[in-house]
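So the chains spell out like this:
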Amino acid sequence: MRLVFIHGPAASGKLTVARELAALTGLPLFHNHLIVDALLAVFPFGSAAFVDLREAMWLDVFRAAAAEERSLIFTFHPEASVAPDFPARVAALVESAGGRVDFVALACAAEIVEARVEAASRRASGKLSSLALLRELEAKGAFAYPPLPPPAIAIDTGVTEPGDAVRRICDALELGAG
């Protein structure tokens, strides 16, 4: 079982790259908003129940996938409401089942994030899509998060098109087309 763990800030292209990677490799895409959106229907973002259930549900999916030797792609936005040890717990869970986690770091310059954040596609999918809110959250430290494990590959999506990013990921992780 392999978990391709794509992480980066808001509007860095995680879902765009992950969708193209899934299409090319045939790996299922379990993006973080599947759980976030489900929980937001009931609980406010950041509430104790939301935080506890979000991490438990993410981990339950990884545990079940590992048990069935199902590889997958996951997207993750490091932010303060997620336990600092979450990535390490994910890696430990997958590795204890004989699997492997490949961390993929996406990043881009702040001005590119700011230009992308209000895109219609972000609004349509319920993602953070307000530049004013992004700046407010940044000022409040909402995106403060300890460093994640070293990535197998890091890509600047401000200068790399999604298709090129996917090809670089496939090469670095030795992933073939599905």
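For the structure itself, consult the block above.
Residues numbered from 1 in each chain as written. Predicted model: local features only at pLDDT ≥ 70, side-chain atom pairs only at ≥ 80, totals over all residues. Heavy atoms only, no water.

Quick notes on the sheet that holds strand β3 (residues 72–76)
Selection criterion: A pair of strands is considered paired only if DSSP assigns at least 2 bridges between the two. Strands are runs of DSSP state E lasting at least two residues, helices are runs of H or I lasting at least four, and both sets are numbered from the N terminus onward. To obtain each axis, a line is fitted to C-alpha atoms, and for helices this fit is confined to the stretch in contact; angles are then taken between N-to-C directions over 0 to 180 degrees. Throughout, a contact is declared for two residues whenever any of their heavy atoms are within 4.5 Å.
An order of β2-β3-β1-β4-β5 is seen for the five strands of this open sheet, with the pairing classed as parallel. Edge positions in the sheet fall to β2 (29–31) and β5 (153–156), since each of these pairs with one other strand and no more. The sheet shows a mean angle of 20° between the axes of neighbouring strands, direction not considered. In terms of strand pairing, strand β1 (residues 2–7) meets β3 through five bridges, oriented parallel. The residue bridging I6 from the neighbouring strand is T75, located in β3. Helix-sheet contacts for helix α3 (residues 48–67) involve β1, β2 and β3, and the interaxial angle to β3 is about 165°. Here helix α4 (residues 86–96) sits on the sheet and contacts β1, β3 and β4 (100–107); the angle it forms with β4, its principal contact strand, is near 150°.

Overview of the nonpolar core
We count it as follows: Among buried residues, the Ala, Val, Leu, Ile, Met, Phe, Trp, Tyr and Cys ones that are joined through side-chain atoms within 4.5 Å form a nonpolar core. Each residue gets one of three labels from its accessible area relative to the maximum for its type: buried under 20%, exposed over 50%, partly exposed in between, using a 1.4 Å probe on protein chains only.
Among the nonpolar cores identified, the biggest contains 27 residues, and L3, F5, W58, F62, F74, F76 and F86 are the most heavily contacted of them. Those elements that provide at least two residues to this core are β1, α2 (33–40), α3, β3, α4 and β4. For this core, the element with the highest residue contribution is α3, accounting for seven residues. Dropping the residues within four chain positions of it, F5 is found in contact with F74, F76, F86, V90, V101, D102, F103, V104 and L148. In terms of nonpolar packing, the next biggest core, distinct from the first, is built from 18 residues, V104, A165, I169 and L173 among them.

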